[in-house]
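Residue strings, one per chain:
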Amino acid sequence: MSTTPPSTTTGYQLPPGARGARDEIKLISHSNLFYWWPVWALAFFMALWTYIEDHRLAIIPDGGRVSFDERLNQYTMQFPEKKTTKSLETAVRNADLKVPAFKPRISQDAWLGAVFTVGLLLTIAITNIPLRGLWSFITLIMIVVVALFISLFPGGWDAIFEKLAGLHIHINMAGYLFIGVCVFLLWALATFVFDRRSYVIFTPGQIKVCEHIGAAVKTYDTYGIHMEKQRDDLFRHYILGFGSGDLIIVTSGAEKHEIKLPNVLGIGWRLRSVEDMLRERTTVIG
């Protein structure tokens, strides 16, 4: 007598009357570059601020002096003999032309460059140093305590911003735009093109998995799979990721496979939809 092992139906379809609102749910895994949107957003904001302010950058030699003539109501700049710069030479050549003497736009406020630099460094730290669960909460509490402590001292924040501005971090409008456009293009290319090549598609009877760009699509049965949402990183998943999260899927069968999906957007409500779909299939089969 021969025994035939039970077969697994990977293409199972629910009866038309038992189907839910959705027959397919796609979860897309994003790279850490997705969380870099504050860099290009801040760069564009600083560029717009600099454009509206409309101040110009003049590069002058060391040892120069500036005087103000009240009678003529104008400033006069004097420099040591035989000292010059390309910026001054270009301004002299353009003196008779209807063009600005100094073209590069730059803000007179040094805090713009300091804030942009701090924002860039924080983004690098948040996207590369995972702080999950209790560590994320402790870090947030520490930030709040330090902020309140500084606020207790009169002029505490003003002194800090003065020190930051005292670094004289000046970036002209072209610098902000160059950084903003480059980061935005990389962010958009990763978010809307490359990241969409790494996904998991849930249907009532099977899941299709593509873990890496260019990898083959693997199909697994949904019966007996185990899904685990990893503990959240408050800064990365909620502040920068708008409720994203990391998901681990373990398939069933003799050869179990662990599928890791980092940085899935809306992981909370999407995971509930997947569980509802799998629950519907189990109910119909039973």
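Relevant structure appears above.
A brief look at the structure comes next. Just so it is clear, the structure is predicted and the values come from calculations on it, not from any experiment.

The subject of this paragraph is helix α3 (residues 111-128). In this model α3 runs 26 Å from its N-terminal to its C-terminal C-alpha over 18 residues, within 8% of the 26 Å that 1.5 Å per residue would give. Those residues of α3 not exposed but buried are L112, G113, A114, F116, T123 and T127.

This part covers the nonpolar core. One finds V200, F202, M227, L247 and I249 to be the most contacted residues of the largest nonpolar core, which totals 19 residues. Elements with a contribution of two residues or more to this core: β1 (25-28), β4 (199-202), β5 (206-210), β8 (245-250), β9 (258-264) and α8 (267-285). It is α8 that contributes the most residues to this core, 5 residues altogether. Apart from residues no more than four positions distant in its own chain, M227 is found in contact with F202, L247, I248, I249, L271, V274, E275 and L278. Among the nonpolar cores identified, the runner-up in size contains 17 residues, and W40, W187, A188 and L240 belong to it.

Time to look at the pairing of strand β2 (residues 65-69). For β2 and strand β3 (residues 74-78), the ladder comprises 5 bridges, and the chain directions are antiparallel. If you follow R65 over to β3, its bridge partner there is Q78. From the end of β2 to the start of β3, which pair antiparallel, there are 4 residues, and N73 there has a positive phi angle of about 55 degrees.

Right, let's get into the sheet that holds β8. Across the sheet, which stays open at both edges, the 3 strands sit in the order β7-β8-β9 with antiparallel pairing between neighbours. Each having just a single partner strand, β7 (226-229) and β9 make up the two edges of the open sheet. Across the sheet, the mean angle from the axis of one strand to that of its neighbour is 15 degrees, orientation sign disregarded. Pairing of β8 with β9, which is carried by 5 bridges, proceeds in the antiparallel orientation. Bridge pairing in β9 links I249 to I259.

Once that is clear, we can look at the sheet that holds β4. With antiparallel pairing, the 4 strands of this open sheet are ordered in space as β1-β4-β5-β6. At either end of the open sheet lies a strand with only one pairing partner, and these are β1 and β6 (218-221). Recorded for the sheet is a direction-independent mean angle of 20 degrees between the axes of neighbouring strands. By the bridge criterion, 4 bridges tie β1 to β4 in an arrangement that is antiparallel. Bridging from a neighbouring strand, I28 pairs with Y199 of β4.

What counts, and at which threshold
- Residues numbered from 1 in each chain as written.
- Predicted model: local features only at pLDDT ≥ 70, side-chain atom pairs only at ≥ 80, totals over all residues.
- Heavy atoms only, no water.
- Helix = DSSP H or I, 4+ residues; strand = E, 2+ residues; numbered from the N terminus.
- Expected span 1.5 Å × (residues − 1).
- Buried < 20%, exposed > 50% of the residue type's maximum accessible area, 1.4 Å probe, protein only.
- Core = buried A, V, L, I, M, F, W, Y, C linked by side-chain atoms within 4.5 Å.
- Contact = heavy atoms within 4.5 Å.
- Pairing = 2+ DSSP bridges.
- Axes fitted to C-alpha atoms, helices over the stretch in contact; angles between N-to-C directions.

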